[in-house]
Amino acid sequence: MKITAVLLAAGQGTRMKSELPKVLHPLCGKPMLWHVLEALKSVTTEKSVVVVGYAAEEVKKYVGDSAECVLQEPQLGTAHAALQAESLLRGKTDYVIVTYADMPLLRSETFKQLVETQRLNTGPLSLLTVIADDPRGFGRIARKADGTVEAIVEEYVATPEQGAIKELNVGAYCFKADWLWDALHRIEKNPKKGEYYLTDIIELAVKDHLPVQAVVHDDFIETIGINTRVHLSEAEAALHMRINHEHMLNGVSMMNPASTYIEIGVKIGKDTTILPNTYLHGNTVIGERNVIGPNTIIRNTTIGNDCKILASVLEGAVLEDDVDMGPFARLRKGAHLKSHVHMGNFGEVKDSTLHEGVKMGHFSYIGNANIGARTNIGAGTITVNYDGEKKNPTEIGEDAFIGSDTMLIAPLKLGDGARTGAGAVVTKNVPEDTLVVGMPARAIRKVERKTKKQNH
Ligand code: UD1
Ligand code: CA
């Protein structure tokens, strides 16, 4: 039994008012089209087909190997779009699911239900409908006196009675493949709009006295179709809560899920707590029993267990266990903090490894450095890593003590147990267990004291 999906994605999405093709607009970190392809993966047995048109090259490039693409040029309506898949699929599949790529919240389970319904149907097609108070411009489902589906009536032609119908066309259909292609050829151009409407296919089946089945859905949220950026924000809000619920049901605590933004694909271990106004992006993996946030942004970062991250920004970093960080810390790409590292306020680390137990409490910049275990980085320490041309490395041994406001002029090596005095400007390598100091402030001259008068 072969099941293939055809996703209609050729329209411009004029109502989005965007340079970006509608189906590439992201929701929770992934383009709209990704969500639909993903939902269909476990439903279909064959590679999906994406019908592209507007900005075809851009959409094709995104799709890559994840689906086949066929071009619809010009875009003459949804039936014409579906027909473009004929040359690829005729005789090659038993069932065809046709769906619109602007319906990103539909779940796999819903598509499965649609296919199951069609398997039991003696007629050629089943469609997904939803009952809703707000019609949002969707086609209305007209039913006969006996309750069977008669037609889909698009809003602009609906009579007032039809307009009041609460059952709507979602835009997902399952067809018997051998019936579909000929039926698509029979659809006539809509005289008013000059387009070929896929929705007219229902009447063709009805005329041939073939039964049409409907799966009536009750979750309107899942059927949000995106025509404008308002719809996009509604869909994103719904998806974001869906993602958060899943994490919470898997053992993650959230004080305020509404202000916790977690993208698709982020992994979080149990008993981790995510505090409000936290954003977790991209390929981020977080272990167990961490406390993250509030006010934290994390992207493409791996975090172990039992860490505390308060009001910080982390990007492309790795944190092992029991790391304690923030508020106002910043990790950039290549920052690797091993277990029990403490990093306090206003520190920045880039392309550097801080080994076990390093402490860096306040106002430091560490770049292109390797800092040995248990070393203390005093307030205001800077690795002077850039000479205007290239980045130079700094190597500090274990149990070293870097005094406040030390400038480490790279390339530079400090041995185990090395110490620097406050304000030291270190330009030469320091052997192990050695203290370096300088440049101390020198007395220049006597100055006249100025006392400001207070006007109280
Ligand atoms: C469509 C349905 C409507 C349904 C609604 C649900 C039709 C005629 N109407 O209306 O019954 O309630 O979706 O969301 O089908 N597309 C192409 N090529 C074209 C035209 C459109 O690929 O020539 C694609 C679009 O990119 C889009 C999808 O088909 O992804 C639907 O088109 P859209 O214009 O959004 O249809 P709606 O007006 O929303
Ligand atoms: Ca639409």
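Our structure's up above, just so we're on the same page.
Residues numbered from 1 in each chain as written. Chains lettered and ligands numbered in written order. Predicted model: local features only at pLDDT ≥ 70, side-chain atom pairs only at ≥ 80, totals over all residues. Heavy atoms only, no water.

**Structural notes on the site of ligand 1**
- Residues in close proximity to ligand 1 total 24 residues, the closest being Gln72, Gly77, Tyr100, Glu154 and Asn169.
- Within the side chain of tyrosine 100, an N or O atom sits 2.6 Å from an oxygen atom of ligand 1.
- In the complex, the protein chains occlude 88% of the 760 Å² of accessible area that ligand 1 would expose alone.
- At the level of elements, β1 (3-9), α3 (78-83) and β10 (167-176) are the ones that each hand at least two residues to the shell around ligand 1.
- Residues of the shell around ligand 1, tallied by class, amount to eleven nonpolar, nine polar and four charged. (Near = heavy atom within 4 Å. Polar contact = N/O pair within 3.5 Å; in protein donor to acceptor, adjacent residues only side chain to side chain. Areas by Shrake-Rupley, 256 points an atom, 1.4 Å probe, with all protein chains shown as cover. Helix = DSSP H or I, 4+ residues; strand = E, 2+ residues; numbered from the N terminus. Nonpolar A, V, L, I, M, F, W, Y, C, P; charged D, E, K, R; others polar.)

**Points about the coordination of the calcium ion (ligand 2)**
- Around the calcium ion (ligand 2), the protein contributes the donor atoms Asp102 (OD) and Asn227 (OD1), which lie 2.3 to 2.5 Å from the metal centre. In this pair, aspartate 102 is assigned in the loop between β6 (95-100) and α5 (108-120) and asparagine 227 in the loop between β11 (212-217) and α9 (229-249), connecting sequence segments 125 residues apart. With respect to class, aspartate 102 is no different from asparagine 227; both count as buried. (Donors = N, O, S within 2.8 Å, 3.2 Å for Na, K, Ca; no water. Buried < 20%, exposed > 50% of the residue type's maximum accessible area, 1.4 Å probe, protein only.)

**A closer look at the pairing of β1**
- Taking burial as the measure, the seven residues of β1 include seven buried ones, the bulk of the element.
- Burial along β1 is two-sided: Ile3, Ala5, Leu7 and Ala9 facing one way and Thr4, Val6 and Leu8 facing the other are all buried.
- Bridge count between β1 and β6: six bridges; the pairing is parallel. Its bridge partner lying in β6, valine 6 is registered against valine 98.
- Two strands pair when backbone bridges link them, and β1 and strand β4 (residues 49-52) are joined in this way by four bridges, in the parallel orientation. Within β4, the position partnered with alanine 9 by the bridge is valine 52. (Pairing = 2+ DSSP bridges.)

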